[in-house]
Amino acid sequence: MDYNILDYGAVGDGKTDDVKSIQNAIDTACGNGGGRVVLDGERVYLSSSIILKKGVELHVCRGSKLLATPVLENYFHPNEGRKDEGVSIAGTPVTLKPSYAFIYAYDADSIAISGDGEIDGNCYAFVRRVSQYYVTGDFYPRPTMIYLEKCSHVTVRDITLRNAPFWTLHPAGCYDVLISHIRILNPLDVANSDGIDPDHSANVRIIGCHVEAADDCICLKSSAGNMEYGPTENVVIADCTLKSTSAALKIGTEGTGDFKNIIVHGVTISGTNRGISIQIRDKGCVKNAIFSDIMIETRRFAPCWWGTAEPIAVTSINRVPDTESGTIENIVFENIYASGENGVFIHGCHKVKNVRMRNVHIEMKTSSKWEKGLYDYRPGEGTEVVSHSASAFYITGVEGLLLEDCSAVFKDNGGGAFAKALEVNDTTGFENRNFASQGVDGLI
């Protein structure tokens, strides 16, 4: 059954706060055993925070927009209403449960967010310009756009999500999550505006989505704030297109819990500062991940963004001295073509084990004004951006490494910053089968 919010008194003029009408429709639908709450009429519905409930589908029709309030006091407070100012480990902000959420659900099974319309997070109400390259807020974290906690059988489909002031879609402690054919269109200068962040969630499918985000497009988390839930596991990401000023696909850096059984297939990444990044800084481990049939195009962005155009970056580094970072093991990269201003970077510290690269092709070329020949080890104990000539494959401290039918091509010398096709150090169990390279003199 449909519940049109206009029948509950909504105005839809983009100025009047329609939260009471929307919430009344949701509460009524839930009380009747479930239903679809509809926003239509090609209107803009301004709203304070909305609590989604069991069995309810929030449906925004084509031409209609749900616009988040710019008034911080009108947001729901999952984290007891306090700002997380100053919450950090070794100078790096860490996320507890969100302090503010626009659309929130807790222990609400069989919920959905759908429609061909838009949900707008009103990001510029919460940020200020720091430089020409990015904006950020005066508190951390800013409002999460959609936070779904401890929910089962969740569907988010078809909808367009825009202008998130912080993370866009954050399912935490959820089971059976389908995110299908959505668009996330965030400005590329709004810091921390991740696209999709599955956190301590299991059986997650992200299919056919397009994500543009300043920060990570799709980032698997195992955050400290949600440690009462299990690992992030059984995740499939397929047929997506991604663009980011940080990492397009990332596991970590928040990894207080484990990650396992992850498949990424058929993804196209363009105009991005990092392609695939596995960054473990806490005690959680990554086990069993396959990345296949992926196209990657990277370029350097301003130094304020983590990363130096690595198409693939795998690192395990202690965030703080008294906590050993977890292991990364049984990782496969196959049928990957990457073009950009840096190469594969694996810094294992003997905590990265059993890595297989098959048919991975790296093309090195200059495409931005920024300095080349840099590797970014941040965040972590004593980490920084380090000057080191850029190799197509730069790998250190791995236990068990296979390169099979991989290759490197140099289109230019990166202003003298590009160096070797292959550099492998301090690595045991290394097999190199049919590696090929070509380039200008001195680069072969």
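A brief look at the structure comes next. These figures come from a predicted structure and were not determined experimentally.

Thresholds, definitions, all that
Residues numbered from 1 in each chain as written. Predicted model: local features only at pLDDT ≥ 70, side-chain atom pairs only at ≥ 80, totals over all residues. Heavy atoms only, no water. Helix = DSSP H or I, 4+ residues; strand = E, 2+ residues; numbered from the N terminus. Rg over C-alpha atoms; globule rule 2.2 N^0.38 Å. Buried < 20%, exposed > 50% of the residue type's maximum accessible area, 1.4 Å probe, protein only. Contact = heavy atoms within 4.5 Å. Areas by Shrake-Rupley, 256 points an atom, 1.4 Å probe, with all protein chains shown as cover. Lys, Arg positive; Asp, Glu negative; His and termini not counted. Charge placed at Lys NZ, Arg CZ, Asp CG, Glu CD. Salt bridge = Lys/Arg side-chain N within 4 Å of Asp/Glu carboxyl O. Core = buried A, V, L, I, M, F, W, Y, C linked by side-chain atoms within 4.5 Å. Expected span 1.5 Å × (residues − 1). Pairing = 2+ DSSP bridges. Phe/Tyr/Trp six-rings, centres within 6.5 Å; stacked < 30°, edge-to-face > 60°. Lys NZ or Arg CZ within 6 Å of the ring centre and 35° of its normal. 1 Å grid on protein atoms, 1.4 Å probe; cavity = no way out; pocket = protein on both sides within 12 Å on 5 of 7 lines; lining within 4 Å. Points joined across faces, edges and corners; volume = space filled by probe spheres on them. Nonpolar A, V, L, I, M, F, W, Y, C, P; charged D, E, K, R; others polar.

## Describing the overall build of the protein chain
In step 1: Summing up its helical and strand segments, the protein chain has one helix and 40 strands in all.
In step 2: Its C-alpha atoms give the protein chain a radius of gyration of 22 Å, near enough to 22 Å, the size a compact globule of 444 residues would have.
In step 3: Viewed in the frame of its principal axes, the protein chain has a C-alpha envelope of about 70 × 40 × 40 Å.
In step 4: Looking at the protein chain as a whole, 60% of its 444 residues are labelled buried.
In step 5: For the protein chain, the share of sequence-separated contacts (at least 6 apart) that also reach a separation of at least 24 residues comes to 75%.
In step 6: Element-wise, carbon and sulfur atoms account for 47% of the exposed surface of the protein chain, whose accessible area totals about 15800 Å².
In step 7: Taken as two groups, the 41 positive and 56 negative side-chain charges of the protein chain have centres that lie 1 Å from each other.

## Side note on the pattern of salt bridges
Opposite charge on two side chains permits pairing when their charged atoms draw close.
In step 1: Counted according to the given criterion, the structure contains 25 salt bridges.
In step 2: With its nearest N and O atoms 3.3 Å apart, the salt bridge here joins aspartate 158 to arginine 157.
In step 3: Owing to a relative accessible area of 31%, arginine 157 belongs among the partly exposed residues under this scheme.
In step 4: The residue arginine 433 makes a salt bridge to glutamate 431 at a minimum N-O spacing of 2.7 Å.
In step 5: You can call arginine 433 partly exposed: its relative accessible area is 37%.
In step 6: By relative accessible area, which is 39% here, glutamate 431 ends up partly exposed.
In step 7: A single network of salt bridges, built from pairs that share partners, joins Arg358, Glu404, Glu431 and Arg433.

## Focus on the nonpolar core
In step 1: In this structure, Phe291, Phe333 and Met357 are the most contacted members of the largest nonpolar core, which totals 106 residues.
In step 2: Broken down by element, this core gets its largest block of residues, nine residues, from strand β33 (residues 344-364).
In step 3: Contacts of phenylalanine 291, omitting those with residues within four sequence positions, involve Ile251, Val264, Ile276, Ile278, Ile331, Val332, Phe333, Glu334 and Ile336.
In step 4: Formed by six residues, the second largest nonpolar core is a distinct cluster that contains Ala191, Ala214, Ala302 and Trp305.

## Regarding the side chain of asparagine 273
In step 1: Relative to the helices and strands, asparagine 273 is located in the loop between β28 (268-272) and β29 (274-280).
In step 2: Beyond its immediate chain neighbours, meaning those up to four positions away, asparagine 273 contacts Ser244, Thr245, Ser246, Arg299, Arg300, Phe301, Trp305, Trp306, Gly307, Thr308, Ala309 and Glu310.

## A word on helix α1 (residues 19-31)
In step 1: Counted at 1.5 Å a residue, the expected span for α1 with its 13 residues is 18 Å, and the 18 Å between its end C-alpha atoms agrees.
In step 2: Within α1 the residues assigned to the buried category are Val19, Ser21, Ile22, Gln23, Ala25, Ile26 and Ala29.
In step 3: Positive backbone phi, approximately 95 degrees, marks glycine 33, located one or two places after α1.

## Re the pairing of strand β31 (residues 312-316)
In step 1: With five of five residues buried, β31 is to be regarded as a mostly interior element.
In step 2: Where β29 lies against β31, five bridges are found, and the strand directions are parallel. From the neighbouring strand, glutamine 279 faces β31, where its bridge partner is threonine 315.
In step 3: Relative to β33, β31 is paired through three bridges, and the arrangement is parallel. Among the inter-strand pairings, alanine 313 is bridged to a residue of β33, identified as phenylalanine 345.

## Some thoughts on unusual backbone geometry
In step 1: Look at the link from glycine 252 to threonine 253: it is a cis peptide, with omega at -5 degrees.
In step 2: Mapping threonine 253 onto the fold places it in strand β26 (residues 247-255).
In step 3: In this model, arginine 378 is joined to proline 379 through a cis peptide bond whose omega is -10 degrees.
In step 4: Tracing the sequence through the fold places proline 379 in the loop between β34 (374-376) and β35 (385-387).
In step 5: Despite not being glycine, asparagine 192 shows a phi value in the positive range, around 70 degrees.
In step 6: At asparagine 354, a residue that is not glycine, the phi angle is positive and equals roughly 60 degrees.

## Things to note about the packing of aromatic side chains
In step 1: For the structure shown, the criterion picks out 15 aromatic pairs.
In step 2: Their ring planes at 15 degrees and their centres at 5.2 Å tell us that phenylalanine 291 and phenylalanine 333 sit as a pair that is stacked. Of the two residues, phenylalanine 291 sits in strand β30 (residues 286-298) while phenylalanine 333 sits in strand β32 (residues 328-340), which places them 42 residues apart along the sequence. Exposure class is identical for phenylalanine 291 and phenylalanine 333. Each is buried.
In step 3: Joined through ring pairs, the aromatic side chains of Phe345, Tyr375, Tyr377 and Tyr394 make up one cluster.
In step 4: Between arginine 299 and the ring centre of phenylalanine 301, over which it is positioned, the NZ or CZ distance is 4.3 Å.

## Quick notes on empty space enclosed by the protein
In step 1: In this structure the tally under the stated criterion is two cavities of 30 Å³ or more.
In step 2: Reported here for the largest cavity is a volume of approximately 60 Å³.
In step 3: Lining the largest cavity we find Ile218, Leu220, Ile237, Leu249, Lys250, Ile251, Ile262, Val264, Ile276, Ser277 and Phe291.
In step 4: The greatest single-element share of the lining of the largest cavity, amounting to three residues, is contributed by β26.
In step 5: By residue class, the composition of the lining of the largest cavity is nine nonpolar, one polar and one charged.
In step 6: Within this model, the second largest cavity holds a volume of roughly 30 Å³.
In step 7: In terms of lining residues, the second largest cavity is bounded by Arg300, Thr308, Glu341, Asn342, Glu371, Lys372, Gly373 and Leu374.
In step 8: Residue classes in the lining of the second largest cavity are distributed as one nonpolar, three polar and four charged.

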